[in-house]
Amino acid sequence: MISVATLENQRDKAVEVLDEFISTIQGLQQEIEIRDTLINLIGPDIEWQEDHLTMRSSVRMQRIIDAYRTINPKDGDDDGGNN
């Protein structure tokens, strides 16, 4: 038979794990909010670059546009342009 002390110890450990999990989730939510804010701030500049992309545009700029479109597809472009 399991003692009350053992059950209390297991409960305390479970509470610690749960608290750590909740803290991790809250941290991730904050990171997502910060990322979304950044995307909203620089999105118009990336879209302008996309509209003015030429053959002489840098590979770096194309990669930035591709990354942006992966997380923010154009309207009606469900796969981020990766047909």
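Structure first, text after, so check above.
This report concerns the structure included in the present document. (Residues numbered from 1 in each chain as written. Predicted model: local features only at pLDDT ≥ 70, side-chain atom pairs only at ≥ 80, totals over all residues. Heavy atoms only, no water.)

## Section: the overall build of the protein chain
Looking only at helices and strands, the protein chain has 2 helices and 0 strands in total. At 23 Å, the protein chain has a C-alpha radius of gyration far larger than the 12 Å of a compact globule built from 83 residues. In the protein chain, which comprises 83 residues, the share counted as buried stands at 11%. Total accessible area on the protein chain stands at roughly 7,300 Å², and carbon and sulfur atoms take up 55% of it. Placing the 8 positive and 17 negative side-chain charges of the protein chain at their respective mean positions leaves the two points 7 Å apart. (Helix = DSSP H or I, 4+ residues; strand = E, 2+ residues; numbered from the N terminus. Rg over C-alpha atoms; globule rule 2.2 N^0.38 Å. Buried < 20%, exposed > 50% of the residue type's maximum accessible area, 1.4 Å probe, protein only. Areas by Shrake-Rupley, 256 points an atom, 1.4 Å probe, with all protein chains shown as cover. Lys, Arg positive; Asp, Glu negative; His and termini not counted. Charge placed at Lys NZ, Arg CZ, Asp CG, Glu CD.)

## A closer look at the side chain of Glu50
Here Glu50 shows up in helix α1 (residues 4-51). With relative accessibility at 19%, the residue Glu50 sits in the buried group. One polar contact links Glu50 to Arg69, side chain to side chain, over a distance of 2.8 Å. Excluding residues within four positions of it along the chain, Glu50 makes contact with Ile65, Arg69 and Lys74. (Polar contact = N/O pair within 3.5 Å; in protein donor to acceptor, adjacent residues only side chain to side chain. Contact = heavy atoms within 4.5 Å.)

## What about the nonpolar core?
Judged by nonpolar contacts, Ile39, Ile46, Met61, Ile65 and Tyr68 together constitute the single largest core of 5 residues. Broken down by secondary-structure element, the contributors of at least two residues to this core are α1 and α2 (59-71). The biggest single contributor to this core is α2, with 3 residues. (Core = buried A, V, L, I, M, F, W, Y, C linked by side-chain atoms within 4.5 Å.)

## Section: the pattern of salt bridges
If you walk through the whole model with that rule in mind, you get 5 salt bridges. With a closest N to O distance of 4.0 Å, Glu47 and Arg69 form a salt bridge. Taken together, the positions of Glu47 in helix α1 and Arg69 in helix α2 put the pair 22 residues apart, joining distant regions of the chain. Judged by relative accessible area, which is 31%, Glu47 ranks as partly exposed. The shortest N-O distance in the salt bridge between Glu50 and Lys74 comes to 4.0 Å. A residue pair is termed long-range when its members are at least 10 positions apart, and Glu50 in helix α1 and Lys74 in the segment after α2 qualify at 24 residues. One network of salt bridges, in which partners are shared, links Glu47, Glu50, Arg69 and Lys74. (Salt bridge = Lys/Arg side-chain N within 4 Å of Asp/Glu carboxyl O.)

## Some thoughts on the packing of α1 against α2
It is the contact of α1 with α2, at a shortest axis distance of 10 Å, that shows an interaxial angle of 125°. In this view, α1 runs oblique relative to α2, as classed from their interaxial angle. Once α1 is placed against α2, the crossing between them reads as left-handed. In this structure, α1 uses Arg35, Ile39, Gly43, Ile46, Glu47, Gln49 and Glu50 to contact α2, whose residues at the interface are Met61, Ile64, Ile65, Tyr68, Arg69 and Ile71. When grouped by side-chain class, the residues that make up the contact of α1 with α2 number 7 nonpolar, 2 polar and 4 charged. (Axes fitted to C-alpha atoms, helices over the stretch in contact; angles between N-to-C directions. Parallel < 35°, antiparallel > 145°, perpendicular 65-115°, else oblique. Left-handed = near helix turned anticlockwise from the far one by under 90°. Nonpolar A, V, L, I, M, F, W, Y, C, P; charged D, E, K, R; others polar.)

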